[in-house]
Amino acid sequence: MGYTLAQLAEKVQGKVKGNPDLQISGLGTLEKALSHELSFLASPKYQSQLYDTSAGAVLVKSDEVAELVNNAIVVANPYLAFAKLSHLFAPATHGWSGIDSTCVVSKTATVAEDVVLAPNVVLDDDVVIEHGCVIGAGCVISRGSKIGANSTIYPNVTIYHDVTIGANAIIHSGAVIGADGFGFAPKKDGWEKISQIGRVIIGDNVEVGASTTIDRGALDNTTIGNGVKIDNQVQIAHNVVIGDNSAIAGCTVVAGSTKIGSFCTISGGVCIAGHLTVVDKVHITGMSMITNSILEAGSYSSGIAMEPTSKWRRTVARIRRIDDMAKQFAQLKQQVNKFLEKVDNK
């Protein structure tokens, strides 16, 4: 489907510079976009690419930058405008309709009339699927779970019992929601499993990435707030609470009973220990290890950033000598203090 430049500008409250009737039928980067595609300039460091781009039009932030291309849409935030327009050009994600004959649906399940159940979906007793939902092939939704309106569950997602997922959710393939948390009591001959009695409660407009796992609570619930975005291969342990509109990048691990505030951003590969509190508006950079609560908003980091291997080896060698250096410093300080005492006594 194509749109005129004027139609696209109207959808993002932008201003057209150039030909308002130009037909746009796709999106692309400044480097690779074609003459029928719309691109965007989100950072000034890429402005030089405007001189060579073949894009039919570009989303830009100012009239001055718009003068560098033949056609543009001037908007306050080009990247956000691009995000909004991307939905117009996204291909259909499935070709299913209705309820496939291979599905297994409990007699006590409640399924809205317009719901799509792809092949081999299993709905257990008392499951509720609200209107507009698409449940992909091979999904299993266990007893008493509820999926809110207009949600998309991609193929091969497993949702355990008594899980609640809000409206407009997107759950990607391989995700497991509501599995038992890691709860065991030690005993003489091994471990006694602790039954995980809590639930998982997920708010509206949440996206959960592929192969991400969200464990059910031990007693209280694991709770994911509205608007939370969770990337692929993230582990959310039992009784974790994540506030509204926080975002967590891939391969992050959040241990049990930790509370993360609203509007937090957690970069990839972060490890957050259990029973901690992270307040609102905290940013944690990649590969950080969080072992204490964060009680003030701001950016936090740990670990050693990349550097040439030879320099990294020297840095690590010095770190390993820190204890010895600290002892030497303490001894030197004692000697200096003794010397100063002798000088004062004279």
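Here, the structure is the one placed above.
Quick caveat: nothing in here was measured; it's all calculated off a predicted structure.

(A) Looking closely at unusual backbone geometry. For Q13, which is not glycine, the phi torsion reads 50° and is therefore positive. With respect to the helices, strands and loops of the structure, Q13 is situated in the loop between helix 1 (5–11) and strand 2 (15–17). Look at S257: it is not a glycine, yet its phi comes out positive at around 65°. Following the sequence through the fold, S257 ends up in the loop between strand 31 (253–254) and strand 32 (259–260).

(B) A look at the pattern of salt bridges. Under the definition given, this model contains five salt bridges. R143 is the salt-bridge partner of D162, the closest N and O atoms lying 3.3 Å from each other. With a gap of 19 residues between them, D162 in the loop between strand 17 (158–159) and strand 18 (163–165) and R143 in the loop between strand 14 (140–141) and strand 15 (146–147) connect regions that are remote in the sequence. By relative accessible area, which is 37% here, R143 ends up partly exposed. For the salt bridge of D180 with K193, the shortest nitrogen-to-oxygen distance reads 2.9 Å. Of this pair, D180 sits in the loop between strand 20 (176–179) and strand 21 (184–187) while K193 is found in strand 22 (residues 190–193), placing the two residues 13 residues apart along the sequence. Exposure remark for D180: the relative accessible area of 35% places this residue in the partly exposed category.

(C) Highlighting the sheet that holds strand 4 (residues 26–27). Strand order in this open sheet of five strands is 2-7-6-5-4, and the pairing throughout is mixed. The two strands at the open ends of the sheet, each matched to only one other strand, are strand 2 and strand 4. Sheet topology note: the strand 4/strand 5 (residues 37–40) ladder contains two bridges and is parallel. Each bridged residue has a counterpart across the sheet, and for G26 the counterpart in strand 5 is E37.

(D) Representation of the layout of surface pockets within the structure. Estimates place the volume of the largest pocket at around 220 Å³. If you trace the largest pocket, you find it lined by Y79, L80, F82, A83, K84, S86 and H87. Along the lines of polarity and charge, the residues of the lining of the largest pocket split into four nonpolar, two polar and one charged. A volume near 180 Å³ is recorded for the second largest pocket. Lining the second largest pocket, in full, are N168, I170, N205, V206, E207 and K229. For the lining of the second largest pocket, the per-class residue count stands at two nonpolar, two polar and two charged.

(E) Spatial organisation of a nonpolar patch on the surface. The grouping of L332, V336, F339, L340 and V343 at the surface amounts to a nonpolar patch, some 460 Å² of accessible area in total. Structurally, V343 can be placed in helix 5 (residues 322–345). With a relative accessible area of 44%, V343 lands in the partly exposed category.

Calculation criteria
Residues numbered from 1 in each chain as written. Predicted model: local features only at pLDDT ≥ 70, side-chain atom pairs only at ≥ 80, totals over all residues. Heavy atoms only, no water. Helix = DSSP H or I, 4+ residues; strand = E, 2+ residues; numbered from the N terminus. Salt bridge = Lys/Arg side-chain N within 4 Å of Asp/Glu carboxyl O. Buried < 20%, exposed > 50% of the residue type's maximum accessible area, 1.4 Å probe, protein only. Pairing = 2+ DSSP bridges. 1 Å grid on protein atoms, 1.4 Å probe; cavity = no way out; pocket = protein on both sides within 12 Å on 5 of 7 lines; lining within 4 Å. Points joined across faces, edges and corners; volume = space filled by probe spheres on them. Nonpolar A, V, L, I, M, F, W, Y, C, P; charged D, E, K, R; others polar. Patch = residues over 30% accessible without salt bridge, like charges linked within 9 Å, V, L, I, M, F, W, Y side chains within 5 Å. Areas by Shrake-Rupley, 256 points an atom, 1.4 Å probe, with all protein chains shown as cover.

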